[in-house]
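So you can see what is in the structure, the chains are spelled out below.
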Amino acid sequence: MVFHSQKNVFWQAFILAAFVFALGILFGFVMENSRSASIEKLYFQSELDLLDIRIQNDIYSIENIKIDCLGAVQENIKFADRIYEEAKLLDKYEQANKITGNIILQHKKYDLLRTLFWINSIKIKNRCNASYHNLVYFYDYNEPSIEIRAKQAVFSRILSELKEEFGSEVMLIPIAGDNDIISVELLMNSYEIAESELPVILIDEKTKVQKIESKEEIIGLIKK
Amino acid sequence: MKILPIVYLAYMFVSLYLFFFFIILYAKNRKELFSCPNAKKQYSVSVITPAYNEEDSIEGTIRAVLSSSYPVKEMIVVNDFSKDRTREIVEKLAGIYPKLRLINNEKNLGKAASLNKGIEAAKGELIAVVDSDSYPEKDAVGKMVGFFDDEKTGAVTSSILVKHQNIFIEKLQAMEYVIIAWTRKLLEYIDGVWATPGPLSIYRASVLKEIKGFDTANLTEDIEITWRIISIGYRARMCLPARVYSIAPKSSRIWLKQRIRWDIGGLQCISKYKKLFLTKGMLGLFILPFFTISMFLGLLGLSIFAYLSVRNLLQTFLFTKYSLVAGTHLLALNELYITPTILNFFGVIFFGLGLFFTIFALNVMKEGRFKGFRNIFNLLFYILIYLTAYPSIMAYSLLKIAKYKIQGRKIGWGTK
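Residues numbered from 1 in each chain as written. Chains lettered and ligands numbered in written order. Predicted model: local features only at pLDDT ≥ 70, side-chain atom pairs only at ≥ 80, totals over all residues.

Chemist: Would you explain the sheet that holds strand β5 (residues 134-136) of chain B in this entry?
Modeler: Strand pairing in a sheet takes place through backbone hydrogen bonds and is either antiparallel or parallel in direction. Residue and element names in this part refer to chain B. One open sheet accounts for 8 strands, arranged β3-β2-β1-β4-β7-β6-β8-β5; its pairing is mixed. Edge positions in the sheet fall to β3 (100-104) and β5, since each has one partner strand and no second. Along the sheet, successive strands turn relative to each other by an average axial angle of 30°, direction set aside. Examined bridge by bridge, strand β2 (residues 74-79) and β3 share 5 bridges and lie parallel to one another. Within β3, the residue paired with Asn79 across the bridge is Asn104. Against the sheet, helix α4 (residues 111-121) makes contact with β1 (45-51), β2, β3 and β4 (126-129), and its axis sits at roughly 150° relative to β1, the strand it touches most. (Pairing = 2+ DSSP bridges. Helix = DSSP H or I, 4+ residues; strand = E, 2+ residues; numbered from the N terminus. Axes fitted to C-alpha atoms, helices over the stretch in contact; angles between N-to-C directions. Contact = placed C-beta atoms within 7 Å.)

Chemist: I would appreciate a short explanation of the interface of chain B and chain A in the present structure.
Modeler: The parts lose accessible area when they come together, and the size of an interface is often stated as this lost area. Each partner contributes residues to the interface: chain B has 34 residues there, and chain A has 38 residues. Those elements giving two or more residues to the side of chain B that touches chain A turn out to be α1 (3-29), α10 (282-326) and α11 (342-364) of chain B. Residue composition of the side of chain B that touches chain A, by class: 23 nonpolar, 7 polar and 4 charged. (Nonpolar A, V, L, I, M, F, W, Y, C, P; charged D, E, K, R; others polar.)

Chemist: How do you make sense of the sheet that holds strand β3 (residues 200-203) of chain A when you look at a structure like this?
Modeler: All names here are of chain A. With mixed pairing, 4 strands are arranged side by side in an open sheet as β2-β1-β3-β4. The open sheet terminates on both sides in strands that have one partner only, identified here as β2 (170-176) and β4 (207-209). Strand-to-strand, the axes of this sheet are offset by a mean angle of 20°, without reference to chain direction. In the sheet, strand β1 (residues 133-139) pairs with β3 via 4 bridges, with the strands oriented antiparallel. Directly across from Val136, in β3, lies its bridge partner Leu202.

What follows is the structure, encoded as structure tokens:
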């Protein structure tokens with residue numbers, strides 16, 4: 001029995017492993033891109049709806065056209081609920097996004113959309129004297145520390161419980177405060193919210209909540 | 001892409017590579033895995049058995065060796081200053097078996113030094129080492145000697161299997177030993193046999209004398225001597241059908257000590273041969289990098305696991321603390337739904353491949369006792385032990401080395 005060393009196995013195994021690994025990565029790309037595509041589709045629909053709401057408002061701003069406040073408020077609430085649900089889905093997909101960076105870009109687009117919606121919400125509220133409350137949640141998106149991460153998890157929990165409790169009385173608008181979006185930065189500056197203070201809940205453009213407070217205290221601040 | 005997913009994917013690639021590496025080696029050589037060359041000549045074989053406090057097993061070992069179907073020239077038991085009845089038992093058996101010789105150390109010298117005393121006294125062309133708690137099958141030595149017809153063969157080792165498989169820890173080791181034997185045989189095809197373990201390995205006497213025997217400073221003298229034999233241009237071979245049954249540790253304390261010794265010995269070997277790293281020859285190009293990378297990856301994986309665990313623990317603590325202040329629920333039902341990531345899919349696939357590899361190896365080795373549904377759980381547990389416990393033992397071993405270095409103490413076997 002003559003012994004022959006089979007060192008060609010080293011590269012044969014490498015080629016096979018590289019091929020299977022590449023297939024796995026490709027599958028990962030396909031999976032993440034399909035999630036990204038479904039978010040894109042939702043975003044597109046939301047963008048259209050918001051555009052519609054804004055055009056309606058512009059029409060009402062023409063002096064001789066009477067505003068249908070009930071309709072406008074209802075539309076706004078419906079839209080708020082929708083983007084809130086989409087935000088939750090986006091968050092889930094984002095956490096599961098490991099290879100591609102598409103969703104991060106979509107997050108920015110959604111932040112812009114939510115900012116636009118917030119501005120619209122303020123306008124409708126002022127014009128129609130609506131009773132709903134704007135709860136804008138500015139959070140730290142890029143690499144938050146463990147403490148901030150825990151704090152944000154509790155803030156998210158409080159807000160989602162409030163949303164469940166108050167339903168359409170509350171417009172819950174989560175916006176990343178550190179995503180380099182100039183319009184968001186402008187708004188944050190105008191409400192004196194620094195990036196280092198994140199996360200912050202801004203209630204009805206008046207009250208800032210920075211520290212962890214009990215849910216009841218936040219409810220008290222909303223009803224103030 | 002963040003750093004942790006990159007590290008995770010790198011692990012996946014290495015695992016996938018090793019999986020294919022062994023599968024290809026098996027596919028190419030499956031027909032001759034269990035074949036062994038017939039010896040062209042009759043070799044004279046001396047068997048050396050070092051013994052320290054082995055009154056429970058030494059008689060069985062002697063009887064197993066001396067009932068070998070391949071005639072051994074002599075069996076030398078080196079009694080390493082045992083405190084029990086080892087000496088008395090061997091003396092009694094020497095009266096029955098004329099080929100049995102006893103050397104008594106006047107003080108406890110350790111296994112390697114005892115082996116070296118046996119080598120000095122041995123007269124055979126080939127020297128077999130059989131641990132005093134191991135029982136070779138009758139035809140084991142006969143199956144191994146044919147490899148020495150190739151002048152480049154310096155050492156031949158055998159399949160080490162666990163003798164008693166009554167309790168869980170023994171069953172666990174039995175599975176591990178089977179996998180080790182199978183993969184060791186596959187590594188032979190690339191000149192990658194990196195150890196000739198003590199339960200049964202045969203060495204060319206002239207080679208042992210050329211390299212002046214075993215290294216008494218190393219805790220895994222069987223690994224070290226293999227590397228030394230390879231480093232001077234000889235081959236280490238593996239005879240899969242030659243079987244020896246060894247008594248595996250029964251308590252987790254002894255098992256842990258054994259593993260720590262293996263790890264420390266492995267690190268001593270890496271340190272001793274570091275100059276050969278990536279130099280010509282399979283020791284420098286494969287065995288050393290394979291050994292080092294395995295240890296490094298194990299430790300890195302453990303460190304990442306520890307980091308993530310501590311981070312999550314801290315985050316959970318803070319979350320709980322803040323939740324109590326806020327008066328919110330600690331757990332929401334919708335949070336139990338997790339969106340799977342591609343890394344989760346990879347993880348499941350690799351765990352499956354690991355399981356497949358283990359079952360496949362047991363099947364190839366015809367270890368029928370592991371068949372059945374119940375054993376799937378044993379196998380799963382065994383894989384988890386490999387993935388978690390072994391790197392932890394390695395980390396502990398490193399700490400132990402550092403502690404002993406600082407204290408200026410010598411690291412001993414510590415199993416008896």
